[in-house]
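This is what each chain is made of:
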Amino acid sequence: MKKLIVGIIILSLLFTGGCIEKQALENRAGEELKTKEYEVTMKRDLLCLMMAYPQDITGVEVGKDSLVYVVMKSGKRIVYDDKKTKSFDGKLNNADLQDMLEQLYPLTDIQTLMDENNDPGRARVYGLLKEVYGGTKEQIEKNLKSVFAGGKNVVFNKNNGASTALAGAMKEIAALAQRKPSIYPFVYPVNGTYNYRVIAGTNQLSPHAFGTAIDLKRDNRDYWKWVSREEGQKRLDMYPREVVKIFENHGFVWGGKWSHFDILHYEYRPELILKAKYFSEPPNLQNPWYDGVDYTDDRIKGYIEVIERVLK
Ligand SMILES: [Zn+2]
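Since the structure is predicted, the reported quantities are computational estimates derived from the model, not experimental observations.

Undergrad: Just to check I follow, could you spell out the nonpolar core for this structure?
TA: In terms of nonpolar packing, the biggest core is built from 84 residues, with Leu-47, Leu-128, Val-243, Phe-247 and Tyr-266 touching the most fellow members. Looking at this core element by element, the count peaks at nine residues for helix H1 (residues 2–52). Each of domain 1 (1–83 + 286–312) and domain 2 (105–280) gives at least three residues to this core. Residues in contact with Phe-247, not counting those within four places in the same chain, are Leu-166, Ala-169, Met-170, Ile-173, Ile-214, Leu-216, Phe-252 and Tyr-266.

Undergrad: It is not clear to me how the side chain of Lys-86 should be interpreted in this structure. Could you clarify?
TA: With respect to the secondary-structure elements, Lys-86 resides in the loop between strand E3 (77–79) and helix H2 (88–93). Under the relative-accessibility criterion, Lys-86 is labelled buried at 16%. Only 2.9 Å separates the side chain of Lys-86 from the side chain of Asp-82, close enough to count as a polar contact. Polar contacts involving the side chain of Lys-86 include one to the side chain of Asp-99, which spans 2.5 Å. The contact partners of Lys-86, leaving out residues within four places of it in the chain, are Lys-91, Asn-94, Ala-95, Asp-96 and Asp-99.

Undergrad: Is there a simple way to explain the coordination of the zinc ion in this structure?
TA: Metal coordination angles have textbook ideals: 109.5 degrees for a tetrahedral set of four donors and 90 or 180 degrees for an octahedral set of six. For the zinc ion, the full set of protein donor atoms is His-208 (NE2), Asp-215 (OD) and His-265 (ND1), at a range of 2.0 to 2.1 Å. Donor residues binding the zinc ion come from one chain and are separated in sequence as H-x6-D-x49-H. Taken together, the positions of Asp-215 in strand E6 (residues 213–215) and His-265 in strand E8 (residues 265–268) put the pair 50 residues apart, joining distant regions of the chain. Comparing Asp-215 with His-265 shows no difference in burial state: the two are buried.

Reading the values: rules and limits
Residue positions are counted from 1 within each chain, in the order its sequence is given. Given that this is a predicted model, residues contribute local features only at a pLDDT of at least 70 and side-chain atom pairs are listed and counted only at 80 or more, while totals for whole chains, interfaces and linings are drawn from all residues. Just so you know, side-chain values use all the structure's heavy atoms and leave hydrogens and water out. Side-chain atoms within 4.5 Å link the members of a nonpolar core, which is a set of buried Ala, Val, Leu, Ile, Met, Phe, Trp, Tyr and Cys residues. Exposure categories follow from relative accessible area, calculated using a 1.4 Å probe and restricted to protein chains: below 20% of the type maximum is buried, above 50% is exposed, and the middle band is partly exposed. The secondary structure listing takes helices from DSSP runs of H or I that are at least 4 residues long and strands from runs of E that are at least 2 residues long, numbered from the N terminus. The domain boundaries here were taken from an automatic or database domain assignment. Note on contacts: a residue pair is in contact if any heavy atoms of the two residues lie within 4.5 Å. Whenever a nitrogen or oxygen atom comes within 3.5 Å of another N or O atom, the pair is scored as a polar contact, on the condition that within protein one atom can donate a hydrogen and the other can accept it, and that pairs from neighbouring residues in sequence are kept only if both atoms are in side chains. Atoms are scored as donors when they are N, O or S and lie within 2.8 Å of the metal, with 3.2 Å used for Na, K and Ca; no water is included, so coordination may look incomplete.

Given below as structure tokens:
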């Protein structure tokens, strides 16, 4: 009897030990997988940034602090991930490049307003915007160019192809409005583009301050601070998606795809559109990290090589 009890105790100890060891192995495997997915996501994000800002981002480097940076034409370095833990508001107020690209912008149509705090594009890295579009009001204003937008001229930042992208989108929308007059009241008259101001209720500059955002014709149900979600949803339901598609094709994100909706607002954010286009799926670690882009394109191949060299 005694022997049997001792035997049972030994067996159960062995079993528990085995379980703990198995758990530890599983935990380690889970963490390794997470690290690999993080690394792939980082490389993809860096590639999207290099593709989106080809004149301004000249390279990638690992700092003495072991953090990863993009290097700008001016020599300034912008951190990819500051490794700080942030709340949702913390990410909006102090976004790094990783925060900015964390929420995937959907290129597919949405039927209902985005889930709570799903706002792909609302986090912006001001260091990047200042480098690309101008660091001060005076510098930004020097970069503004006139664009024809349905019966009137508006100004938009010419850097990084922003004003060319807007001109292209407005031209297509004008042609669409000719074929389909029902879109007129959603677009014209355009409400505004450049305006050196902060975002209402914050001390953060608006993308309008950089001349990289346009508000189409205003409706009182367009903005999350003006109306209830129900009213916003009604506006979303009737909104012509052809207009959205045209802007997205030209590198703009639509504020209608934010839980904090801003339905009249379009913002030139090529990095988000590129990420949505090429990397909408979570990393598949069986494939090369850049799977999805056309890496036979010499320019893209060059960026991939830079990232591979720096982040082995
Ligand atoms: Zn706006």
